[in-house]
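These are the residues of each chain, in order.
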Amino acid sequence: MATNVYMEALSPTMEEGRVVKWHKKDGDPVKTGETLAEIETDKAVMDLVARADGVLRQVAAPEGQTIPVGSVVAVIAAPGEAAGETPTSAAQTKPSGSGKRDTGNVATAPAPVAVATPPAVAPADATRVKASPLARRMAKEAGVDLKLVTGSGPGGRVVKKDVERAPNQAAPAAAAAPAAPLSPVSRVPLPERTGTAYEDVPLTQIRKTIAKRLVTSLGPIPHFFLTTEVDMERAAEAREALNKQLGDQGEGKVSFNDLIIKATALALARHRACNAWFQEDHIRYWNEVHIGMAVAVEDGLITPVIRHADRKSLTEIGREARELADKARNRRLQPNEYTGATFSISNLGMFDIDQFTAVINPPEAGIIAIGSIVQKAVVVDGHLAPGRRMRITMSCDHRVIDGATGAAFLRTLKQMLENPLAMLL
Amino acid sequence: MPTLTYRDALNQALREEMQRDPNVLLMGEEVGVYQGAYKVSRGLLEEFGSMRVVDTPIAELGFAGIGVGAAMGGLRPVIEFMTWNFAVLALDQIVNSAAKILYESGGQIPVPIVFRGPNGAALQLAAQHSQAWESWVSHIPGLKVVAPATPADAKGLLKSAIRDNNPVIVLEGEMLYNVKGEVPEGEHVVPIGRADIKRAGRDVTLICHSKTVTVALKAAEQLAEHEGASAEVLDLRSLRPLDEEAIVGSVTRTNRAVVVEEGWPQAGIGAQVVDVIQREAFDHLDAPVLRVTQADVPMPYNRQLERLAKPSPERVVAAARRVLYLD
């Protein structure tokens, strides 16, 4: 029996996917779990894997084409069928761009399966999370969102062991990544100038998602902004002392970004009112702190998540942040690595930005925007002195956070950064 | 505890029940002078005489009907079929008389009768003589059906069947008669409707009965040895009524199940078991339940084809690997 290969929902918000590259060709034998093609989703490039053993047939989506989730992109013929179909394969060569077929051949071929316009199944079916009944019950009892769990069963089914492992216990990968600072990345090159007045560039999947997501933020969400200036002198001293110590042990250095993530997570743990999701008819106050960290990637940005950041050490946070940023730039983030943040941080310090406002990533209720640490003249005890200052601007969803609530959180964050020892309390 | 063959355990049960109750009698082809085609009735003619151990002509419908009449008249007959393949000729008496008289008499006339004999395939007996009838008989309201796998269960269940006031079908196995096992002496009664865990396990439940218990136990050994998987072997023992509590209890612990039976797949015992599982243990399932049955064909005579058509430990292991997501 032939098995249809559908464009699968490879990210929770994916509605269509672009075929980047076929790893298997028409006629290639495939085994369950083998990568058939690379698909660019709205977030990353993901593998589309075979859900059955057999022979790949009727590849209906050429590379570069964008296909809606739930549409058939190919067929896996059962191994038994393969031999029988071979003689007819001449009649069903890969559909050409024009979609025309040699009707003479089709008429003589013994009933080849229709190829040109595979029927689309209802997208609702394709995006549904497949989970065993047991996994569903366990997830409900544990309050785990099945959408955030990667299924290891057939067809990506979420099974018991997947729920047991995810996402609360998502341990940081142990491998020490090369120290790659969260530095600016090169933007996607614009097309060559052609002498015409302008170039039209189709939106990539990630730009489409950004466009769609952000108008659901600044438009409907009543934002307000709070800015505070933080004395980073002692944070810098602490960082130098820590790195000296770490340097002797040969471990990755602590960055300002790591310090800010840790301080933010600890401050959120003390101000649950700001660690929340707006959910239309209710507000979900999180007891866990998962920090989304905006990372600039080629042609867009994405916010990988450092889970339980309040409970992780600076070196763990640093290692994870580097790994996630690397994966983000290589577009290898898995859906469970960029969903489920309870609060986000956007840091443009390395771009020499003094201060900016960030757009809330719904359903989160807040985000902080980090500016550069600048040397400036400050007044200490009535005297002018050189100091290092950094501006933090918090964007708040007024439906969840009121002015005083946000201000109290920012004050705690400021105190922690100005006196890093406070993080030990 | 003495070790007996399955055949001698049945013999012991018959003898003890005939000693205990003078109304119990045995009737069938070759049960008396020849002492049974499979020697289950050895020594009984000598001990109880020809009024209680009755050789019949080759006429299954006739002696099954005489048995039903005897039961209606107050005796407790045990009818031996040389094999269940021959009992098809007697189905009218079993299905239309034995199973229905209590109902049709408004509860006035019980029919305490036992129909017993070997069921399922032996070795190279070909299509007409290698059939497993459990789904046929367990389909019928008014009948009880048991299928013991071990000598101890054979003795205990046959005693329960003889003492039951309803018609009870006892499915034995030609390939089981020589199997040896410990059998409790004297009053050993296994209640009808109670399954038994033949091997405890954590990861998957292998649900089986009769000859497939051996198949499942071998599969469980292979799973433990090669896959590190711990399989529980649940012997149904009774097919009607089914021990739903035991099935649900085991699957609730293991979250996965494979049902093994000798019969054909369509409307088989396994289909009934799967219905129980999906209905009562839905929220405990981590994988679809799979079935291992005889191939959906008349049993081949060719030895190799016959081997391939029957449920085997290899096929059970393959199904278990799939429900364990090892493939």
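Given the structure is predicted, the values throughout are model-derived calculations rather than measurements. (Residues numbered from 1 in each chain as written. Chains lettered and ligands numbered in written order. Predicted model: local features only at pLDDT ≥ 70, side-chain atom pairs only at ≥ 80, totals over all residues. Heavy atoms only, no water.)

Draft legend 1. Here's a closer look at the overall build of chain A. Along its length, chain A carries 10 helices and 18 strands. Classification of the 425 residues of chain A by burial places 44% in the buried group. Taking all contacts inside chain A whose residues are at least 6 apart in sequence as the whole, residues at least 24 apart take part in 65%. Here chain A displays about 21500 Å² of accessible surface, and carbon together with sulfur accounts for 54% of that area. (Helix = DSSP H or I, 4+ residues; strand = E, 2+ residues; numbered from the N terminus. Buried < 20%, exposed > 50% of the residue type's maximum accessible area, 1.4 Å probe, protein only. Contact = heavy atoms within 4.5 Å. Areas by Shrake-Rupley, 256 points an atom, 1.4 Å probe, with all protein chains shown as cover.)

Draft legend 2. Structural context of empty space enclosed by the protein. Residue and element names in this part refer to chain B. According to the stated counting rule, one finds 2 cavities of 30 Å³ or more in the structure shown. Lining of the largest cavity is provided by Trp84, Ala87, Val88, Leu91, Trp133, Trp136 and Val137. Of all the elements in the fold, those that place two or more residues in the lining of the largest cavity are α4 (84–87) and α7 (134–137). Of the pockets and cavities examined, the second largest cavity occupies roughly 30 Å³. Contributing to the lining of the second largest cavity are Ala121, Ser130, Ala132, Glu262, Gln294, Met299, Lys310 and Pro311. Here the residues of the lining of the second largest cavity sort into 4 nonpolar, 2 polar and 2 charged. (1 Å grid on protein atoms, 1.4 Å probe; cavity = no way out; pocket = protein on both sides within 12 Å on 5 of 7 lines; lining within 4 Å. Points joined across faces, edges and corners; volume = space filled by probe spheres on them. Nonpolar A, V, L, I, M, F, W, Y, C, P; charged D, E, K, R; others polar.)

Draft legend 3. Representation of the packing of helix α3 (residues 60–72) of chain B against helix α5 (residues 91–98) of chain B within the structure. Residue and element names in this part refer to chain B. Direction vectors running N to C along α3 and α5 enclose 25°, while the axes themselves pass 8 Å from each other. In terms of orientation, α3 lies roughly parallel with respect to α5. Each of Leu61, Ala64, Gly65 and Val68 in α3 lies in contact with α5, whose residues at this interface are Asp92, Gln93, Ser97 and Ala98. For the contact of α3 with α5, the class distribution of residues is 4 nonpolar, 3 polar and 1 charged. (Axes fitted to C-alpha atoms, helices over the stretch in contact; angles between N-to-C directions. Parallel < 35°, antiparallel > 145°, perpendicular 65-115°, else oblique.)

Draft legend 4. Representation of the side chain of Asp164(B). Relative to the assigned elements, Asp164(B) resides in the loop between α8 (151–163) and β7 (168–172). For Asp164(B), the contacting residues outside a window of four places in its chain are Arg76(B), Pro112(B), Lys144(B) and Ile192(B).

Draft legend 5. Layout of the sheet that holds strand β14 (residues 290–292) of chain B. Residues and elements named next belong to chain B. Reading across from one edge, β9-β11-β10-β13-β14 is the order of the 5 strands in this open sheet, with mixed pairing throughout. A strand with exactly one partner marks an edge of an open sheet, and here the two such strands are β9 (196–199) and β14. When strand polarity is set aside, the average angle formed by the axes of neighbouring strands in this sheet is 25°. The pairing of β9 with strand β11 (residues 231–235) spans 3 bridges and is antiparallel. Bridge pairing links Asp196 to Asp235 in β11. Contacting β9, β10 (204–208), β11 and β13 (257–260), helix α9 (residues 212–227) runs over the sheet at an angle of about 170° to β11. (Pairing = 2+ DSSP bridges.)

Draft legend 6. The packing of aromatic side chains, seen in detail. Tallied over the full model, the rule gives 8 aromatic pairs over all chains. Connected via pairs of aromatic rings, a cluster forms that spans Phe63(B), Phe81(B), Trp84(B) and Phe115(B). Geometry around Phe256(A) places Arg239(A) over its ring, the cationic atom sitting 4.6 Å from the centre. Sitting above the plane of the Phe278(A) ring, Arg399(A) keeps its charged end 3.8 Å from the centroid. (Phe/Tyr/Trp six-rings, centres within 6.5 Å; stacked < 30°, edge-to-face > 60°. Lys NZ or Arg CZ within 6 Å of the ring centre and 35° of its normal.)

Draft legend 7. View of the pattern of salt bridges. Residue and element names in this part refer to chain B. Under the counting rule described, the total for this entry stands at 38 salt bridges over all chains. Note that Glu17 and Arg163 form a salt bridge whose closest N and O atoms lie 2.9 Å from each other. Residue Glu17 is located in helix α1 (residues 6–20), and its partner Arg163 is located in helix α8; the two are separated by 146 residues in the primary sequence. Glu261 is the salt-bridge partner of Arg291, the closest N and O atoms lying 2.8 Å from each other. Within this pair, whereas Arg291 is found in strand β14, its partner Glu261 is found in the loop between β13 and α11 (269–280), the two being separated by 30 residues in sequence. Residue classification places Arg291 among the partly exposed residues on the basis of a relative accessible area of 29%. Taken together, the shared-partner salt bridges connect Glu16, Glu17, Arg20, Lys155, Lys159, Arg163 and Glu187 into one network. (Salt bridge = Lys/Arg side-chain N within 4 Å of Asp/Glu carboxyl O.)

Draft legend 8. Structural detail: the nonpolar core. Core analysis: the biggest nonpolar cluster contains 54 residues, and Ile291(A), Ile368(A), Ile392(A), Met394(A), Phe409(A), Leu413(A) and Leu417(A) have the highest contact counts within it. The element best represented in this core is helix α8 (residues 256–270) of chain A, accounting for 8 residues. If sequence neighbours within four positions are ignored, Leu417(A) has contacts with Val230(A), Asp231(A), Met232(A), Ala235(A), Leu259(A), Ile260(A), Ala263(A), Met390(A) and Ile392(A). By size, the runner-up hydrophobic cluster in this structure holds 45 residues, among which are Trp84(B), Ile140(B), Leu143(B) and Leu236(B). (Core = buried A, V, L, I, M, F, W, Y, C linked by side-chain atoms within 4.5 Å.)

Draft legend 9. How the structure looks around the sheet that holds strand β2 (residues 24–28) of chain B. Residue and element names in this part refer to chain B. Here we have 7 strands laid out as an open sheet, ordered β3-β2-β4-β5-β7-β6-β12, and mixed in their pairing. The strands lining the two open edges of the sheet, one partner per strand, are β3 (53–55) and β12 (238–240). Neighbour-to-neighbour, the strand axes of this sheet turn through a mean angle of 20°, independent of strand direction. Of the pairings in the sheet, the one linking strand β5 (residues 114–118) to β7 comprises 5 bridges and is parallel in character. Residue Pro118 lies in a different strand from β7, and its bridge partner there is Glu172. Across the sheet, α8 is in contact with β2, β4 (76–80), β5, β6 (144–146), β7 and β12; its angle to β5 comes to roughly 150°.

Draft legend 10. Broad picture of the layout of surface pockets. Residues and elements named next belong to chain A. Here the second largest pocket defines a volume of roughly 1200 Å³. As for the second largest pocket, its lining consists of 50 residues, of which Lys43, Leu301, Ile302, Thr303 and Asn361 are closest to the centre. Secondary-structure elements contributing two or more residues to the lining of the second largest pocket are α6 (205–215), α8, β13 (295–297), β14 (300–302) and β16 (343–347). A per-element tally of the lining of the second largest pocket places α6 first, with 6 residues. Taken together, the residues of the lining of the second largest pocket break down into 29 nonpolar, 12 polar and 9 charged.

Draft legend 11. Quick peek at α5(B). The complete set of buried residues in α5(B) reads Gln93(B), Ile94(B), Val95(B), Ser97(B) and Ala98(B). Against α3, α4, α6 (101–104), β5 and β7 of chain B lie the buried residues of α5(B).

Draft legend 12. Summary view of the confidence of the model for chain A. For chain A, the mean per-residue pLDDT works out to 78, and 79% of the residues sit at or above 70. In the predicted structure, residues 82–126 of chain A sits below a pLDDT of 50 and forms 36 contacts with residues beyond four places in sequence or in another chain. (pLDDT = per-residue confidence, 0-100.)

Draft legend 13. Examining the interface of chain B and chain A more closely. Taken together, the contact between chain B and chain A spans 9 residues of the former and 10 residues of the latter. Interface of chain B and chain A: buried area, both sides summed, is about 800 Å²; carbon and sulfur atoms make up 55% of it. Contact with chain A buries surface across chain B, with Asp283(B), Asp286(B) and Tyr325(B) losing the most and accounting together for 58% of the total. On inspection of chain B and its partner chain A, the count reaches 0 salt bridges. For the interface between chain B and chain A, the tally reads 8 residue pairs in polar contact (both at pLDDT 80 or more). Residue composition of the side of chain B that touches chain A, by class: 5 nonpolar, 2 polar and 2 charged. (Buried area = accessible area lost by both parts, 1.4 Å probe. Polar contact = N/O pair within 3.5 Å; in protein donor to acceptor, adjacent residues only side chain to side chain.)

Draft legend 14. Structural context of the pairing of β5(B). All names here are of chain B. Here β5 lies mainly inside the structure; 5 of its 5 residues are buried. Note that β4 and β5 share 3 bridges and pair parallel. If you follow Glu80 over to β5, its bridge partner there is Arg116.

Draft legend 15. Quick look at the pairing of strand β8 (residues 72–77) of chain A. Residue and element names in this part refer to chain A. With 6 of its 6 residues buried, β8 lies for the most part within the structure. In this sheet, β8 lies alongside strand β1 (residues 3–6) in antiparallel orientation, the contact comprising 4 bridges. Opposite Asn4, over in β8, you have Val75 as the bridge partner. Of the strand pairs in this sheet, strand β6 (residues 54–57) and β8 are connected by 3 bridges, and their pairing is antiparallel. The residue of β8 that forms the bridge with Arg57 is Val75.

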